[in-house]
Amino acid sequence: MAFSGVNGTMARQALVEHRPWLLAAIAAATLYYFVSDWQIGGLWLILLKGAGCLFLAGYALARHGGGDARLLALVMALAALGDMLIELDFLWGGAAFFASHLAAMSLYLRNLRADPAPSQKGLAVALLVATPLVSWLVSGSSSIALYALALGGMAACAWMSRFPRYRVGTGAILFVVSDWLIFARFGPLAGSALPDMLIWPTYFAGQILIATGVIQTLRATR
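The numbering scheme is per chain: residues are counted from 1 as the chain's sequence reads. This being a predicted model, a pLDDT of at least 70 is required before a residue's local features are given, and a value of 80 or more before pairs of side-chain atoms are given or counted; all residues contribute to the totals for chains, interfaces and linings. Note: side-chain values were computed over all heavy atoms of the structure, leaving out hydrogens and water.

J.: Would you mind going over a nonpolar patch on the surface with me for this structure?
T.: Patches draw on residues past 30% relative accessible area with no salt bridge. Two like charges within 9 Å are joined, as are two nonpolar side chains (Val, Leu, Ile, Met, Phe, Trp, Tyr) within 5 Å. Only the protein chains shown count as cover for residues, and all accessible areas are computed by the Shrake-Rupley method using a 1.4 Å probe. Salt bridge, as applied in this entry: a Lys or Arg side-chain nitrogen positioned within 4 Å of an Asp or Glu carboxyl oxygen. A surface patch of nonpolar side chains, amounting to about 470 Å² of accessible area, comprises Tyr 33, Phe 34, Leu 194, Met 197 and Leu 198. Helical segments are the DSSP runs of H or I of at least four residues, strand segments are the runs of E of at least two, and each set is numbered from the N terminus. Mapped by element, the contributors of at least two residues to the nonpolar patch are helix H1 (2–35) and helix H8 (194–220). Turning to its location among the elements, Tyr 33 is positioned in helix H1.

Here it is in structure tokens:
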């Protein structure tokens, strides 16, 4: 009974110390989704939009002290910068996300899965090729296709990493889908309300899966 009491105390302490970062990220992202059309001031909305991934960066640093966790925090901090900058300038926002994808690729390449199956390699190649191809087809923009090379590289590297595919791999694919929805607003979904409904929840669900999946693995193998 004493041992159980100690374990319960430790669990509650861990919840107090670490879970709030994750809960704050979810709360900020959810709040932004519902108030993004309100007239509460552009600056406040921009800061709220960036807060979600910024809290995920804090979550990574709080849950693990290693170099890979710091790299994950950089990935999320750059994504937070992209979330904010894209509200001011699409090009600058895209540049921040491009840097975030490069940092994510570095993280995944440092943690490649040993002896992946041929089917896993095939899907990684498909992500690398299809991501910029579909991006170009739905947007008609060569500059967006160039950005999508980094996006596809990030997703492919995530799929080939040792991190759980049902979290990190799926999260990376959701990120790709959210960007495809953004690009489709320049083409087949121009004027449609569907992208506005799906882009943010798809994107942030992907980021949550990536952050928690990476940290779960790092803590398990520490």
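That shown, we press on.
J.: Sorry, what's going on with unusual backbone geometry here?
T.: Working note: non-glycine residues mostly have negative phi, and peptide bonds are mostly trans. Within the chain, Asp 115 stands out as a residue other than glycine whose phi angle is a positive 50 degrees. Turning to its location among the elements, Asp 115 is positioned in the loop between helix H4 (90–109) and helix H5 (118–139). On the basis of relative accessibility, which here comes to 76%, the residue Asp 115 falls in the exposed class. Throughout this description, buried means an accessible area under 20% of the type-specific maximum (1.4 Å probe, protein chains only), exposed means over 50%, and partly exposed covers the range between.

J.: Just checking my understanding: could you explain the pattern of salt bridges for this structure?
T.: Pairing is possible between side chains that carry opposite charge, provided their charged atoms lie close to one another. Counting across every chain of the model gives three salt bridges. Between Lys 49 and Glu 87 there is a salt bridge, with the nearest N and O atoms lying 2.5 Å from each other. In this pair, Lys 49 sits in helix H2 (residues 42–63) while Glu 87 sits in the loop between helix H3 (67–85) and H4, placing the two residues 38 residues apart along the sequence. Assessed through its relative accessible area of 9%, Lys 49 is described here as buried. Note that Asp 68 is salt-bridged to Arg 110, the shortest N-O span being 2.8 Å. Taken together, the residues span a long stretch of sequence, with Asp 68 in helix H3 and Arg 110 in the loop between H4 and H5 at a distance of 42 residues. What makes Asp 68 buried here is its relative accessible area of 13%. Residue Arg 110 is classed as exposed on the basis of its relative accessible area, which comes to 54%.

J.: When you look at the packing of helix H7 (residues 165–184) against H8 in this model, what are you seeing that I'm missing?
T.: Every axis corresponds to a line fitted to the C-alpha atoms, with the helix fit spanning only the stretch in contact, and the corresponding angles, defined between N-to-C directions, vary from 0 to 180 degrees. Close contact between H7 and H8 brings their axes to 7 Å; oriented N to C, the two are set at 155 degrees. Relative to H8, the element H7 is oriented roughly antiparallel. Taken as a pair, H7 and H8 cross one another with a handedness that is left-handed. Residues belonging to the contact of H7 with H8 are distributed by class as follows: 16 nonpolar, nine polar and one charged. Note that the term roughly parallel is reserved for angles under 35 degrees, roughly antiparallel for angles over 145, roughly perpendicular for angles of 65 to 115, and oblique for everything else. Crossings are assigned a handedness: left-handed for a near helix turned anticlockwise from the far helix by less than a right angle, right-handed for a clockwise turn. For this classification, the nonpolar set comprises Ala, Val, Leu, Ile, Met, Phe, Trp, Tyr, Cys and Pro, the charged set comprises Asp, Glu, Lys and Arg, and every other residue, Gly included, is treated as polar.

J.: Help me understand the side chain of Asn 111, please; the structure alone is not making it clear to me.
T.: One can find Asn 111 in the loop between H4 and H5. Each polar contact in these results corresponds to two N or O atoms within 3.5 Å; when the atoms are within protein, one needs to be able to donate a hydrogen and the other to accept it, and residues that are neighboring in sequence are counted only if both atoms are side-chain atoms. At a separation of 3.3 Å, a polar atom in the side chain of Asn 111 contacts the side chain of Asp 68. Here the side chain of Asn 111 touches Leu 107 through a polar contact of 2.9 Å, landing on its backbone oxygen. In what follows, residue pairs with any heavy atoms lying within 4.5 Å of each other are defined as contacts. Asn 111 has contacts with Asp 68, Ser 161, Arg 162 and Phe 163, leaving out every residue within four places of it along the chain.

J.: Just to check I follow, could you spell out the packing of aromatic side chains for this structure?
T.: The description of an aromatic ring pair rests on the distance of the ring centres and on the angle between the ring planes. In this analysis, rings of Phe, Tyr and Trp, with Trp reduced to its six-membered ring, are considered paired at centre separations within 6.5 Å, and the interplanar angle assigns stacked below 30 degrees, edge-to-face beyond 60, and tilted for intermediate values. Counted under the stated rule, the structure contains 12 aromatic pairs. Look at Tyr 33 and Phe 34: their rings are 5.3 Å apart centre to centre, the planes differ by 80 degrees, and that puts the pair in the edge-to-face class. Take Tyr 33: its relative accessible area is 31%, and that puts it in the partly exposed class. Phe 34 sits in the exposed class, given a relative accessible area of 57%. Pairwise contacts between aromatic rings join Tyr 32, Phe 97, Phe 175, Trp 200, Tyr 203 and Phe 204 into one cluster.

J.: Before we go on, may I ask you to explain the packing of H2 against H8 in this structure?
T.: The description of two packed helices rests on the angle between their axes and on the distance between the axes. The N-to-C vectors of H2 and H8 enclose an angle of 5 degrees; their axes lie 10 Å apart at closest approach. Put simply, H2 runs roughly parallel to H8. Here Lys 49, Gly 52, Cys 53, Leu 56, Tyr 59, Ala 60 and Arg 63 of H2 lie close against H8, whose contacting residues are Trp 200, Tyr 203, Phe 204, Gln 207, Ile 208, Ala 211, Thr 212, Ile 215 and Arg 219. Of the residues in the contact of H2 with H8, the class split is 10 nonpolar, three polar and three charged.

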